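Secondary and tertiary structure notes
Letter by letter, the chains look like this.
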Amino acid sequence: MEKRLCTGCNQEKPLDSQHFTKDKHDLSGFTYRCKSCRAKAHKEWSLKNPEKIKEINLKNREKRKQFYKSPEGVESSRKAHLKRVFGISLEQYDEMSKKQKHKCAICGKPEMNNKNKVLCVDHNHKTGAIRQLLCGLCNSGLGAFKDDEKLLKKAIKYLKKHESNSIL
């Protein structure tokens, strides 16, 4: 295995991605300082330049904000969320929405009707199984009742009891 002398700690280390950061500008494809020396140097520089770090962070935050406002950013974020949280692709989500005619499975309102511009993926919190797509209000309602059928039945009974009369 090829090795490289780190210019930071003067130690010879294997020239691989475990020890050195990739660098497309270097012929070897890796940086001239090992990862631990680069981290140490970066930490020292950060401590000496807090205003510059603040400026960089603000610029990066603004770039992220602009990206996630763009159509590409919204779709990218949605894809990642669906995969990470529910284990489904955007194509699978779109197919579910199409089957439901782009309407909430409970109230039947279209996906653009409420605050959320897309329907929520409803799932069983105990098993993780995906059920159907719901509008934000219906999804929040089920969540508030913790998917408890007995509690929902009590709520229905309560509503019926107070359908025509009020206390005041």
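These remarks concern the structure in this document. (Residues numbered from 1 in each chain as written. Predicted model: local features only at pLDDT ≥ 70, side-chain atom pairs only at ≥ 80, totals over all residues. Heavy atoms only, no water.)

Now for a positive patch on the surface. On the surface, Lys150, Lys154, Lys157 and Lys161 cluster together to form a positively charged patch. With respect to the element layout, Lys150 can be found in helix H6 (residues 149-161). (Patch = residues over 30% accessible without salt bridge, like charges linked within 9 Å, V, L, I, M, F, W, Y side chains within 5 Å. Areas by Shrake-Rupley, 256 points an atom, 1.4 Å probe, with all protein chains shown as cover. Salt bridge = Lys/Arg side-chain N within 4 Å of Asp/Glu carboxyl O. Lys, Arg positive; Asp, Glu negative; His and termini not counted. Charge placed at Lys NZ, Arg CZ, Asp CG, Glu CD. Helix = DSSP H or I, 4+ residues; strand = E, 2+ residues; numbered from the N terminus.)

Attention shifts here to the packing of aromatic side chains. Centre distance and the angle of the planes are the two values used to describe a pair of aromatic rings. Across all of its chains, the model carries 1 aromatic pair by this definition. Here Phe67 and Tyr68 contribute two aromatic rings whose centre-to-centre distance is 5.0 Å and whose plane-to-plane angle is 75°, an arrangement assigned as edge-to-face. Taking the relative accessible area as the measure of exposure, Tyr68 reaches 42% and is therefore partly exposed. (Phe/Tyr/Trp six-rings, centres within 6.5 Å; stacked < 30°, edge-to-face > 60°. Buried < 20%, exposed > 50% of the residue type's maximum accessible area, 1.4 Å probe, protein only.)

Turning to the packing of helix H1 (residues 35-48) against helix H2 (residues 50-69), a few remarks are in order. Closest axis-to-axis distance for the H1/H2 pair is 5 Å, and the angle between their directions is 100°. Regarding the angle of H1 to H2, the classification is roughly perpendicular. In this structure, H1 uses Trp45, Ser46, Leu47 and Lys48 to contact H2, whose residues at the interface are Pro50, Lys52, Ile53 and Ile56. Residue composition of the contact of H1 with H2, by class: 5 nonpolar, 1 polar and 2 charged. (Axes fitted to C-alpha atoms, helices over the stretch in contact; angles between N-to-C directions. Parallel < 35°, antiparallel > 145°, perpendicular 65-115°, else oblique. Contact = heavy atoms within 4.5 Å. Nonpolar A, V, L, I, M, F, W, Y, C, P; charged D, E, K, R; others polar.)

Taken as a whole, helix H5 (residues 136-144) has its buried residues at Gly136, Cys138 and Leu142. In this structure, the buried residues of H5 make contact with strand S5 (120-123), strand S6 (130-134) and H6. Immediately downstream of H5, the backbone of Lys146 shows phi near 50°, a positive value.

Secondary-structure assignment places Ser28 in the loop between strand S3 (20-22) and strand S4 (30-34). Sequence separation between Ser28 and Glu72 is 44 residues; the distance between their C-alpha atoms is 34 Å. Within the structure, the side chain of Ser28 is placed 3.0 Å from the side chain of Arg4, a separation counted as a polar contact. Here the side chain of Ser28 touches Asp26 through a polar contact of 2.7 Å, side chain to side chain. (Polar contact = N/O pair within 3.5 Å; in protein donor to acceptor, adjacent residues only side chain to side chain.)

Everything listed here is a matter of coordinates, which is why it stays silent on function.
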